[in-house]
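A closer look at the structure
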Amino acid sequence: MATTSSTFVRQDMLAQQPAPLGVSGPSHWFRTKLFATPKDTVLTILALALLVYVIPGMINWLFIDAVWTGSDRTACATVIQGGILPDGQSGACWAFVEAKFQQFMFGRYPADERWRPILVAVLFVILLIPMLIPKAPHKGWNALALFIILPFISFFLLIGGFGLPHVETQLWGGLMVTLILSFFGITVSLPLGIILALGRRSQMPVIKTLCVVFIEIIRGIPLVTVLFMASVMLPLFLPDGWTFDKLLRALIGVSIFASAYMAEVIRGGLQAIPKGQFEGADSLGLTYWQKTRLIILPQAIKLVIPSIVNTFIGLFKDTSLVSIIGMFDLLGIVTLNQSDANWSTPVTPVTGYIFAGFIFWLFCFGMSRYSAFMERHLDTSHRH
């Protein structure tokens, strides 16, 4: 025992000693990461040469030669000698984005009523921030307000009622629709995916068969088909006079599609749990639901956090497919506004797509970084 203790003491002392001179700092990082071998050196030089060739032109087109203000296409049709476009046009047309920004955010939502989606967004951020902070108190009440109360309030704020003018969902669009579809899909797909994953592992043949059939059918067809069926085929099976709002159909289609993929992600986490965890829970006399809720699911979800967030990111980007049923999310409304003759220039479509791509990247990158943060926070290993 004394020998073991002295060994740990020597290891701790060695770990606390400063690194030898020359094996730390920026120069060491460059030498080991970028110029460690002749092949690494050649690849580094080629990459730097490519960046030097590409970045100045991108900066010029995106910022220096860009048009930031203007009332119509004439502002973005200024001829610049030596411009990077083949026809000598100017750089990016950010004036187009500025002029159409409100539509990119809210679609055709009435201008006088846009304070309503803004209020919903503010409430969402206020409730989301403490939910994302691991040590924030009252998580249960926070979750209740975010996932139950807020959607109920948002429904009446956005649609209308209680004295507010009615706004049809056909007028909704832009980033607002993208976020609504994503939030609803994420909120529904995770619990439904967990239920489907547990059902697929069930010992009851009927439940297992139903879950397997649902998962395999939904995973075997593209999201475009699911949205088309939810929008066009579903009303055919309803009684005469019954109808579903187009947005509701999209919400249902996106949710069931994401839940099928989420079920397989959760099932992978469940299969990775050692058998001893199940046996230990049984030895404590826990029921099936106690064992699943307190021991198995927390470990399974922690193991598959990257895959869960990856599914969320894919869902967020796939919302652009709702254009197939006549709805206009952020990408759809950007594409729609490019047909405006007042802003018809060669650089207008490229600028609009860059703006939409940046917004999508911003949200996806944020989800990715939060996923990495939660992985570090939940990491219970003893790696140094």
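The structure displayed is predicted, hence computed values, not measured ones.

In this section: the overall build of the chain. Within the chain, the regular secondary structure consists of 15 helices and zero strands. Counting across all 384 residues of the chain, residues that qualify as buried make up 34%. Long-range pairs, those at least 24 residues apart, make up 72% of the contacts in the chain between residues at least 6 apart in sequence.

Take unusual backbone geometry next. The backbone of His 138 shows a phi angle near 60°, a positive value even though the residue is not glycine. Within the secondary structure, His 138 sits in the loop between helix H5 (115–132) and helix H6 (139–159). Assessed through its relative accessible area of 60%, His 138 is described here as exposed.

According to the stated counting rule, one finds one disulfide in the structure shown. For Cys 76, the disulfide goes to Cys 93, at an S-S distance of 1.8 Å. Handedness of the Cys 76-Cys 93 disulfide follows from its S-S torsion of about 65°: it is right-handed. Of this pair, Cys 76 sits in the loop between helix H3 (38–64) and helix H4 (94–106) while Cys 93 sits in the loop between H3 and H4, and the two are 17 residues apart along the sequence. Taking the relative accessible area as the measure of exposure, Cys 93 reaches 0% and is therefore buried.

Where helix H14 (residues 330–337) meets helix H15 (residues 348–378), the axes come as close as 10 Å, and the angle between the chain directions of the two elements is 170°. The orientation of H14 with respect to H15, classified from their angle, is roughly antiparallel. Contacts between H14 and H15 involve Leu 330, Leu 331, Val 334 and Thr 335 from the former and Gly 352, Tyr 353, Phe 355, Ala 356, Ile 359 and Phe 360 from the latter.

The geometry of an aromatic ring pair is captured by two quantities: the separation of the ring centres and the angle between the planes. Following the criterion strictly, the structure yields 20 aromatic pairs and no others. Aromatic pair Phe 124 and Phe 183: ring centres 5.4 Å apart, planes at 85°, arrangement edge-to-face. Of this pair, Phe 124 sits in helix H5 while Phe 183 sits in helix H7 (residues 174–200); the two residues are 59 residues apart in sequence, bridging distant segments of the chain. Take Phe 183: its relative accessible area is 23%, and that puts it in the partly exposed class. Of the aromatic side chains, those joined through ring pairs into one cluster are Phe 96, Phe 101, Phe 104, Trp 343 and Phe 355.

Before going further, it helps to spend a moment on H3. Residue pairs spaced three or four apart in an α-helix point in one direction, given the helix's 3.6 residues per turn. Between its terminal C-alpha atoms H3 stretches 37 Å, which fits the 39 Å expected from 27 residues at 1.5 Å a residue. Where H3 is buried, its residues meet H4 and H15.

Attention shifts here to the nonpolar core. Within the largest apolar cluster, 55 residues are counted, with the highest numbers of intra-cluster contacts made by Phe 104, Trp 172, Leu 330 and Phe 355. In this view, Phe 355 contacts Trp 94, Val 97, Phe 101, Phe 104, Met 105 and Leu 330; residues no more than four positions away in its chain are not counted. Grouped together as the second largest cluster of nonpolar side chains are 16 residues, Leu 198, Ile 296, Leu 297 and Ile 308 included.

Here Ser 320 shows up in the loop between helix H13 (305–318) and H14. Here Lys 317 takes part through its backbone oxygen, which lies 3.0 Å from a polar atom of the side chain of Ser 320. Discounting chain neighbours no more than four positions away, the residues touching Ser 320 are Asp 329 and Leu 331.

Glancing now at the environment of Lys 246. Its place among the elements puts Lys 246 in helix H10 (residues 246–271). Separated by 16 residues in the primary sequence, Lys 246 and Ala 230 place their C-alpha atoms 8.9 Å from one another. Apart from residues no more than four positions distant in its own chain, Lys 246 is found in contact with Ile 325, Gly 326 and Met 327.

Here we come to a nonpolar patch on the surface. A contiguous nonpolar patch, built from Leu 48, Leu 51, Ile 55, Ile 59, Phe 63, Ile 64 and Trp 68 and spanning about 690 Å² of accessible area, is present on the exposed surface. Relative to the elements of secondary structure, Ile 59 occurs in helix H3. Residue classification places Ile 59 among the partly exposed residues on the basis of a relative accessible area of 38%.

Annotation from UniProt places "transmembrane region" (unreviewed entry) at residues 41–64, 115–133, 145–165, 171–198, 210–235, 247–266 and 350–368. Within the segment residues 171–198, helix and strand shares are 89% and 0% respectively, and the terminal C-alpha atoms sit 40 Å apart.

Attention shifts here to the environment of Gly 199. Its place among the elements puts Gly 199 in helix H7. Separated by 12 residues in the primary sequence, Gly 199 and Cys 211 place their C-alpha atoms 5.9 Å from one another. Excluding residues that lie within four positions of it along the chain, Gly 199 makes contacts with Ile 207, Lys 208 and Cys 211.

Taken as a whole, this structure holds eight salt bridges when the rule is applied. For the salt bridge of Arg 200 with Glu 264, the shortest nitrogen-to-oxygen distance reads 2.9 Å. On the criterion of sequence distance, the pair formed by Arg 200 in helix H7 and Glu 264 in helix H10 is long-range, its members being 64 residues apart. Exposure class is identical for Arg 200 and Glu 264. Each is buried. One salt bridge connects Glu 264 with Arg 267, and the closest N-O pair in it is separated by 2.8 Å. With Glu 264 and Arg 267 both in helix H10 and three residues apart, this pair spans about one turn of that helix. The exposure class assigned to Glu 264 is buried, which follows from its relative accessible area of 17%.

What counts, and where the lines are drawn
- Residues numbered from 1 in each chain as written.
- Predicted model: local features only at pLDDT ≥ 70, side-chain atom pairs only at ≥ 80, totals over all residues.
- Heavy atoms only, no water.
- Helix = DSSP H or I, 4+ residues; strand = E, 2+ residues; numbered from the N terminus.
- Buried < 20%, exposed > 50% of the residue type's maximum accessible area, 1.4 Å probe, protein only.
- Contact = heavy atoms within 4.5 Å.
- Disulfide = S-S within 2.5 Å.
- Axes fitted to C-alpha atoms, helices over the stretch in contact; angles between N-to-C directions.
- Parallel < 35°, antiparallel > 145°, perpendicular 65-115°, else oblique.
- Phe/Tyr/Trp six-rings, centres within 6.5 Å; stacked < 30°, edge-to-face > 60°.
- Expected span 1.5 Å × (residues − 1).
- Core = buried A, V, L, I, M, F, W, Y, C linked by side-chain atoms within 4.5 Å.
- Polar contact = N/O pair within 3.5 Å; in protein donor to acceptor, adjacent residues only side chain to side chain.
- Patch = residues over 30% accessible without salt bridge, like charges linked within 9 Å, V, L, I, M, F, W, Y side chains within 5 Å.
- Areas by Shrake-Rupley, 256 points an atom, 1.4 Å probe, with all protein chains shown as cover.
- Salt bridge = Lys/Arg side-chain N within 4 Å of Asp/Glu carboxyl O.
- UniProt positions renumbered as here; feature names shortened; annotations may be inferred.

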